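Residues per chain are reported as follows:
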Amino acid sequence: MATPHIEAENGDFAPAVIMPGDPKRAERIAHLILDEPRQVNSVRGMLGFTGTYQGQPLSVMGSGMGQPSIAIYATELFQFYGVERIIRVGTCGGISPKVSVGDTIVAMGAHTNSNFNDHRIPQVAFSALASYPLLSAAVSAAPEDLRLHVGAIFSSDAFYRVVPGQLEALAQYDVLGVEMETAALYGIAAELGKQALTVLTVSDHLLDHSGDMTAEERETKFQGALTLAAAAALS
Ligand code: HPA
């Protein structure tokens, strides 16, 4: 039973899928945390793997960049492969002055400039929210020394943005960071009665330019988000 974008067979995916944007990162995560990972998708290079983590089945698959791309994979996984939980792991640009490069963000909700969720409920401006059980499990798994923020993010349709004043206004509302996928993911999970969560690492800061991470910092800091995501996946 293939879908237009996934060639896996029925039962090839675990009930929980960890989803980075980059399919190569999905491959690295799969080999890092899964026992006996096996590849279950390669259509359009969107690599997907299933194995076990702490004795439980777990899948890891790329989402691609942007809300249209993650929407395709999330919908097909939820609707046709019996997936119950998707935990996105990714990077974001920091916006709030409270966050610094290397910090971890659990996205409680996602504002967006996309119209993806606009027409779900007549006459209602949809709120794209995380699934609380996943959020709670992720936050509970955070080590004491992790610089963790839980709050709102901004899912933008544009990486190269030019709207004057937008970033400053987002910062004023304490929006923690900007990425490009979560509002659609949360909308689809709500629509289909499934669960979703996004855990992000701040890879750069758009307002304070506090400096990029070193290569070593990137690997160790991303581990924080991955630990939280894995805890949510198995919750
Ligand atoms: N914009 C959107 N997505 C991102 C960014 C950004 O600045 N940084 C990391 N992901």
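Each remark here, short or long, concerns the structure printed above.
The notes below deal with the structure included here. All values reported here derive from a predicted model rather than from experimental measurement.

Right, let's talk about the nonpolar core for a bit. In terms of nonpolar packing, the biggest core is built from 62 residues, with Phe-13, Ile-18, Leu-77, Ile-86 and Leu-197 touching the most fellow members. With 7 residues, helix H6 (residues 215-233) is the single largest residue contributor to this core. Those residues in contact with Ile-18 that lie beyond four places of it in its chain are Ile-33, Leu-58, Ser-59, Val-60, Met-61, Ile-87, Val-89, Leu-226, Ala-229, Ala-230 and Ala-233. Listed in part, the 8 residues of the second largest apolar core include Phe-154, Val-175, Val-178 and Leu-206.

On to the site of the ligand. By nearness alone, every residue bordering the ligand is listed as Thr-91, Cys-92, Gly-93, Phe-159, Arg-161, Val-178, Glu-179, Met-180, Ser-203, Asp-204 and Leu-206. Asp-204 places a side-chain nitrogen or oxygen 3.4 Å from a nitrogen atom of the ligand. Contact with the protein chains hides 91% of the accessible area of the ligand, taken as 260 Å² for the molecule alone. Judged by the fraction of its atoms near the pocket grid, the ligand is located in the largest pocket. Breaking the shell around the ligand down by element, the ones donating at least two residues are strand S5 (85-94), strand S9 (177-179) and strand S10 (195-205). Ranked by residue count, the leading element in the shell around the ligand is S5, at 3 residues. Residues belonging to the shell around the ligand are distributed by class as follows: 5 nonpolar, 3 polar and 3 charged.

Turning our attention to the layout of surface pockets. By volume, the largest pocket amounts to about 540 Å³. Around the largest pocket, the lining comprises 25 residues; the ones closest to its centre are Met-65, Arg-88, Thr-91, Cys-92 and Phe-159. Looking at the lining of the largest pocket, the elements that each hand over two or more residues are helix H1 (23-33), S5, S9, S10 and H6. Looking at which element gives the most residues to the lining of the largest pocket, the answer is S5, with 6 residues. In this structure, the second largest pocket spans a volume of roughly 190 Å³. Around the second largest pocket sit Gly-102, Asp-103, Thr-104, Pro-143, Asp-145, Leu-146, Arg-147, Thr-220, Lys-221, Gln-223, Gly-224 and Thr-227, which together line it. Among the elements that make up the lining of the second largest pocket, the one with the highest residue count is H6 (5 residues). Considered class by class, the residues forming the lining of the second largest pocket number 2 nonpolar, 6 polar and 4 charged.

Right, let's talk about the packing of aromatic side chains for a bit. Under the defined criterion, the tally for this structure stands at 2 aromatic pairs. Here the aromatic rings of Phe-159 and Tyr-160 are separated by 4.8 Å at their centres, their planes lie at 75 degrees, and the arrangement is edge-to-face. Across the pair, Tyr-160 and Phe-159 agree in class, each one exposed. When the ring centre of Phe-222 is taken as origin, the NZ or CZ atom of Arg-25, which lies over that ring, is 4.8 Å away. Looking at Arg-120, its charged tip hangs above the ring of Phe-126, at a distance of 5.7 Å from the centre.

For the rest of this paragraph, the subject is the environment of Gly-51. Here Gly-51 lies in strand S3 (residues 48-53). Classification of Gly-51 by relative accessible area gives buried; the value is 8%. A C-alpha to C-alpha distance of 13 Å links Gly-51 and Ala-26, two positions 25 residues apart in sequence.

Between the first and last C-alpha of helix H2 (residues 67-80) there are 19 Å, a value that for 14 residues agrees with the 20 Å anticipated at 1.5 Å per step. Among all positions of H2, only Gln-67, Ser-69, Ile-70, Ala-71, Tyr-73, Ala-74, Glu-76, Leu-77 and Phe-78 are buried. Taken from the residues just after H2, Gly-82 is the one with a positive phi, measuring 70 degrees.

Before going further, it helps to spend a moment on the environment of Leu-226. Here Leu-226 shows up in helix H6. Those residues in contact with Leu-226 that sit more than four places away from it in its chain are Ile-18, Ile-29, Leu-32 and Ile-33.

The next subject is a nonpolar patch on the surface. A grouping of Met-108, Val-139 and Val-150 is seen on the molecular surface, where their side chains present a nonpolar patch of about 220 Å² in accessible area. Among the structural elements, Met-108 can be located in strand S6 (residues 104-112).

Conventions used here
Residues numbered from 1 in each chain as written. Predicted model: local features only at pLDDT ≥ 70, side-chain atom pairs only at ≥ 80, totals over all residues. Heavy atoms only, no water. Core = buried A, V, L, I, M, F, W, Y, C linked by side-chain atoms within 4.5 Å. Buried < 20%, exposed > 50% of the residue type's maximum accessible area, 1.4 Å probe, protein only. Helix = DSSP H or I, 4+ residues; strand = E, 2+ residues; numbered from the N terminus. Contact = heavy atoms within 4.5 Å. Near = heavy atom within 4 Å. Polar contact = N/O pair within 3.5 Å; in protein donor to acceptor, adjacent residues only side chain to side chain. Areas by Shrake-Rupley, 256 points an atom, 1.4 Å probe, with all protein chains shown as cover. 1 Å grid on protein atoms, 1.4 Å probe; cavity = no way out; pocket = protein on both sides within 12 Å on 5 of 7 lines; lining within 4 Å. Sits in = over half its atoms within 2 Å of the grid points. Nonpolar A, V, L, I, M, F, W, Y, C, P; charged D, E, K, R; others polar. Points joined across faces, edges and corners; volume = space filled by probe spheres on them. Phe/Tyr/Trp six-rings, centres within 6.5 Å; stacked < 30°, edge-to-face > 60°. Lys NZ or Arg CZ within 6 Å of the ring centre and 35° of its normal. Expected span 1.5 Å × (residues − 1). Patch = residues over 30% accessible without salt bridge, like charges linked within 9 Å, V, L, I, M, F, W, Y side chains within 5 Å. Salt bridge = Lys/Arg side-chain N within 4 Å of Asp/Glu carboxyl O.

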